[in-house]
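Remarks on the overall topology
The chain contents come next:
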Amino acid sequence: FTNAEIVSYPANRVLDAVGVSSANGTRIQLYDSLNGSNQKWNFDPRTGVITGFGGKCLDVQGASSTNGAPVQLWDCTGAANQRWSFGSEGRLVGFGGKCLDAVGGGVGNGTRLQMWDCNSNDQQKWIFRGEVRSVLSNRCLDDRGGGSGNGSVVQIYDCIGNANQKWSYSPK
C-alpha cells in the first residue's frame, strides 16, 4: 500500500504523527482523518517496512519487546524493530511478536499507540486504505470504469489519486 491511511477498526481514526512532525521520536496517535501528509503511510511487503511522514519509519522505541513500548517515527535503519507483518484479524505484528495496540483500548483523538501481547481485542485491529502499486511499474491498481458493481475491470494505470484507485484492505 502507498499513500495509505492505517485505520483503527473500532475508532475509525487513523495513525497520525503528533504535531505534524517528522523528527526522530515523534509519537504516533489516533486522530480523525484530515487527509494530512502526517497521516499517510507506505507499506513495503518485501521488507515489512512502514514509512510515514518525512520518509521516517514506524519504529518500536528502543527495540523494546516489553508490553507498553511506545511506537514512534525514526530514521529508517532496516532494524528488526522497524519491520511489520499482517497478523490474523487485521493485526499489525511488530518487534518481539507484539501487536500494534491503542493504549487502554482508547478510541478518541490523541490516543497513543503501543506494542502489546497480541490478543482478540478490537484495539489491535487495523485497516489499510489507499493505493495499491505494482512493484514492477509503480503504477496503481485502477478500476477502469470507475464503477463499484460486480464485473468491473481492474487494470494497472498511472497513479492520479482518483477514488477508483483507492482500496481498503483488512487482513482477516
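Read on for a plain summary of the structure. (Residues numbered from 1 in each chain as written. Predicted model: local features only at pLDDT ≥ 70, side-chain atom pairs only at ≥ 80, totals over all residues. Heavy atoms only, no water.)

**Quick word on the pattern of salt bridges**
We count it as follows: Salt bridge, as applied in this entry: a Lys or Arg side-chain nitrogen positioned within 4 Å of an Asp or Glu carboxyl oxygen. Between buried and exposed lies partly exposed: a residue is buried under 20% and exposed over 50% of the maximum accessible area for its type, with that area taken using a 1.4 Å probe on protein chains only. Counting from the N terminus, the helices are the DSSP runs of H or I reaching at least four residues and the strands are the DSSP runs of E reaching at least two.
Within this structure, the stated rule accounts for eleven salt bridges. Salt-bridge contacts for Arg-91 lead to Glu-89; the nearest nitrogen and oxygen are separated by 3.6 Å. Taking relative accessible area as the criterion, Glu-89 reaches 37% and is therefore assigned partly exposed. With a shortest N-O distance of 3.6 Å, Glu-131 and Lys-166 are connected by a salt bridge. A residue pair is termed long-range when its members are at least 10 positions apart, and Glu-131 in strand E12 (residues 126–131) and Lys-166 in the loop between strand E14 (154–157) and strand E15 (167–169) qualify at 35 residues.

**Concerning the layout of surface pockets**
Heads up, the condition is: The method works on a 1 Å grid over the protein atoms by themselves. A cavity is a set of points holding a 1.4 Å probe that cannot get out, a pocket is an open set with protein on both sides within 12 Å along at least five of seven lines, and residues with an atom within 4 Å of a point line them. Grid points are joined across faces, edges and corners, and a volume is the space filled by probe spheres set on the points. Throughout, the ten residues Ala, Val, Leu, Ile, Met, Phe, Trp, Tyr, Cys and Pro are labelled nonpolar, Asp, Glu, Lys and Arg are labelled charged, and all others, Gly among them, are labelled polar.
Of the voids in this model, the largest pocket is the one considered here, and its volume is about 330 Å³. In terms of lining residues, the largest pocket is bounded by 16 residues, among which Phe-1, Thr-2, Phe-43, Asp-44 and Pro-45 are the most central. Of all the elements in the fold, those that place two or more residues in the lining of the largest pocket are strand E4 (42–44) and strand E5 (49–51). The leading source of residues in the lining of the largest pocket is E4, at three residues. Residues belonging to the lining of the largest pocket are distributed by class as follows: eight nonpolar, five polar and three charged.

**Let's talk about the packing of aromatic side chains**
Here is the rule we go by: The pairing test for Phe, Tyr and Trp rings, Trp by its six-membered ring, is centres within 6.5 Å, and the orientation test on the planes gives stacked under 30 degrees, edge-to-face over 60, and tilted for anything in between.
The final tally for this structure, using the stated rule, is six aromatic pairs. Both rings, one in Phe-86 and one in Phe-128, keep their centres 5.2 Å apart while their planes meet at 85 degrees; by these two values the pair is edge-to-face. Placement of Phe-86 in strand E8 (residues 85–86) and of Phe-128 in strand E12 is noted, with a sequence separation of 42 residues between them. The class for Phe-86 is partly exposed, based on a relative accessible area of 29%. Residue classification places Phe-128 among the buried residues on the basis of a relative accessible area of 1%. By the ring-pair criterion, three or more aromatic residues cluster together here, those being Phe-1, Phe-43, Phe-86, Phe-128 and Tyr-169.

**A look at the environment of Pro-45**
Topologically, Pro-45 is positioned in the loop between E4 and E5. Taking relative accessible area as the criterion, Pro-45 reaches 60% and is therefore assigned exposed. A C-alpha to C-alpha distance of 23 Å links Pro-45 and Arg-27, two positions 18 residues apart in sequence.

**Observations concerning the side chain of Gln-72**
Applied cut-off: Within 3.5 Å is the distance limit for a polar contact, defined as a pair of N or O atoms, with the added protein rule that one can donate a hydrogen and the other accept it, and that residues adjacent in sequence qualify only through two side-chain atoms. Contact criterion: two residues are considered in contact whenever any of their non-hydrogen atoms come within 4.5 Å of each other.
Mapped onto the elements, Gln-72 comes out in strand E7 (residues 71–74). What makes Gln-72 buried here is its relative accessible area of 4%. Within the local environment of Gln-72, its side chain forms a polar contact with the side chain of Gln-61, the two groups lying 3.5 Å apart. Not counting chain neighbours up to four residues away, the residues in contact with Gln-72 comprise Gly-25, Thr-26, Arg-27, Ile-28, Cys-57, Leu-58, Asp-59, Gln-61 and Gly-62.

**Re the state of the cysteines**
Applied cut-off: Counting rule for disulfides: a pair of cysteine sulfur atoms within 2.5 Å.
Within this structure, the stated rule accounts for three disulfides. The disulfide partner of Cys-99 is Cys-118, and the S-S distance across this bridge is 2.0 Å. Disulfide Cys-99 to Cys-118: torsion about the S-S bond roughly 95 degrees, handedness right-handed. One end of the pair, Cys-99, is in strand E10 (residues 99–102); the other, Cys-118, is in the loop between strand E11 (113–116) and E12, with 19 residues separating them in the sequence. Overall, Cys-118 belongs to the partly exposed group, its relative accessible area being 37%. Within the protein chain, bonded cysteines paired by disulfides and numbered along the sequence follow the pattern 1-2, 3-4, 5-6.

**Considering the pairing of E12**
Keep this limit in mind: Two strands make a pair as long as DSSP finds a minimum of two bridges between them.
Both strand E1 (residues 2–8) and E12 contribute to a ladder of five bridges, which runs antiparallel. From the neighbouring strand, Val-7 faces E12, where its bridge partner is Ile-127. Judged from the three bridges that link them, E12 and E15 form a sheet pairing that is antiparallel. If you follow Phe-128 over to E15, its bridge partner there is Tyr-169.

Scope: geometric values only; no functional claims are made or implied.
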